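Chain by chain, the residues:
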Amino acid sequence: MHEVMGQNGFHAVLNIARLPYLVDSYPPPDFEPGLRFDEVGRLMEAVEGIYGVRGGRRLIKQSGHYCFKYGIEGFGGVIGFADFALRLIPVSLRVRIGLEVLAEIFNRYSDQFITLGENEDWYFFMMKQCGLCWGRQTEGVACALAEGLLEETLYWITRGRRFAVEEFICLATGQAMCAIQVGKTPLN
Ligand SMILES: [Zn+2]
């Protein structure tokens, strides 16, 4: 978020979100949970409060892209091997692997609870417990950070392909889960 909104913008967000203790003191890049779910929910709400719902969600989605870029650095050497192995795997299978690995990481290292589903045209990334919209009540779907993270993961794992990635139901709008649909056919 700091990358996307700049220092001043992000500090304003932290203050509105009642998280001033994070100014200039971000959690370290490791697998320990650095923020509570209610704090993450407040962070998202503050971004939308400052930049508007539409503009805010666009910035949050971009932040999701950066989450992938920073997140993958932490995997170091494993990525070099994955990079090599991926070349041998067809694009359609890479998409499935990307979603499975992401779900596994979330389930193992956070309290986010993710299951996967699919039909002929779509994969479904379903979050029955979701930290991104925790404590929120919104008009529309609110988990743009997960959309951005998925977009960037698939872009990387397929070497530059883009896919339709869209949240279509959300806990914050009163539904039973947050769910993001991911098109099986690349857009490019
Ligand atoms: Zn959510």
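Below or above, wherever it landed, is the structure these notes cover. Given the structure is predicted, the values throughout are model-derived calculations rather than measurements. (Residues numbered from 1 in each chain as written. Predicted model: local features only at pLDDT ≥ 70, side-chain atom pairs only at ≥ 80, totals over all residues. Heavy atoms only, no water.)

**Thoughts on the coordination of the zinc ion**
Geometry reference: four tetrahedral donors at a metal, ideal angle 109.5 degrees. Six octahedral donors, ideal angles 90 or 180 degrees. Protein-derived ligands of the zinc ion are Cys130 (SG), Cys133 (SG), Cys143 (SG) and Cys178 (SG), with the metal-ligand distances lying across 2.1 to 2.4 Å. With four donor atoms in place around the zinc ion and angles of 97 to 121 degrees between them, the coordination shape is tetrahedral. If you list the donors of the zinc ion from N- to C-terminus, the spacing comes out as C-x2-C-x9-C-x34-C. Taken together, the positions of Cys130 in the loop between strand S2 (122-129) and helix H6 (144-157) and Cys178 in strand S4 (residues 178-183) put the pair 48 residues apart, joining distant regions of the chain. Of the residues examined, Cys130 reaches a relative accessible area of 2% and is grouped as buried. Classification of Cys178 by relative accessible area gives buried; the value is 0%. (Donors = N, O, S within 2.8 Å, 3.2 Å for Na, K, Ca; no water. Tetrahedral: all angles 85-135°; square planar, octahedral: opposite > 155°, others 65-115°. Helix = DSSP H or I, 4+ residues; strand = E, 2+ residues; numbered from the N terminus. Buried < 20%, exposed > 50% of the residue type's maximum accessible area, 1.4 Å probe, protein only.)

**Here we look at the packing of helix H1 (residues 2-16) against helix H2 (residues 37-51)**
The interhelical angle for the contact between H1 and H2, taken along N-to-C directions, is 115 degrees, at an axis separation of 8 Å. Like other packed secondary-structure pairs, H1 and H2 cross with a definite hand, here right-handed. Contacts from Met5, Gly9, Phe10, Ala12, Val13, Leu14 and Ile16 in H1 reach Leu43, Ala46, Val47, Ile50 and Tyr51 in H2. The class makeup of the residues in the contact of H1 with H2 is 11 nonpolar, one polar and no charged. (Axes fitted to C-alpha atoms, helices over the stretch in contact; angles between N-to-C directions. Left-handed = near helix turned anticlockwise from the far one by under 90°. Contact = heavy atoms within 4.5 Å. Nonpolar A, V, L, I, M, F, W, Y, C, P; charged D, E, K, R; others polar.)

**What about the pattern of salt bridges?**
Overall, the coordinates contain 11 salt bridges when judged by the stated rule. A salt bridge links Glu118 to Arg96, with the nearest nitrogen and oxygen atoms 2.8 Å apart. With Glu118 in strand S1 (residues 113-118) and Arg96 in helix H5 (residues 91-109), the pair connects residues that are 22 residues apart, well separated along the chain. Given a relative accessible area of 39%, Glu118 falls into the partly exposed group. A residue is classified by how much of its surface remains accessible, and Arg96, at 29% relative accessible area, is partly exposed. What emerges from the salt-bridge pattern is a single network uniting Arg36, Asp38, Glu39 and Arg42. (Salt bridge = Lys/Arg side-chain N within 4 Å of Asp/Glu carboxyl O.)

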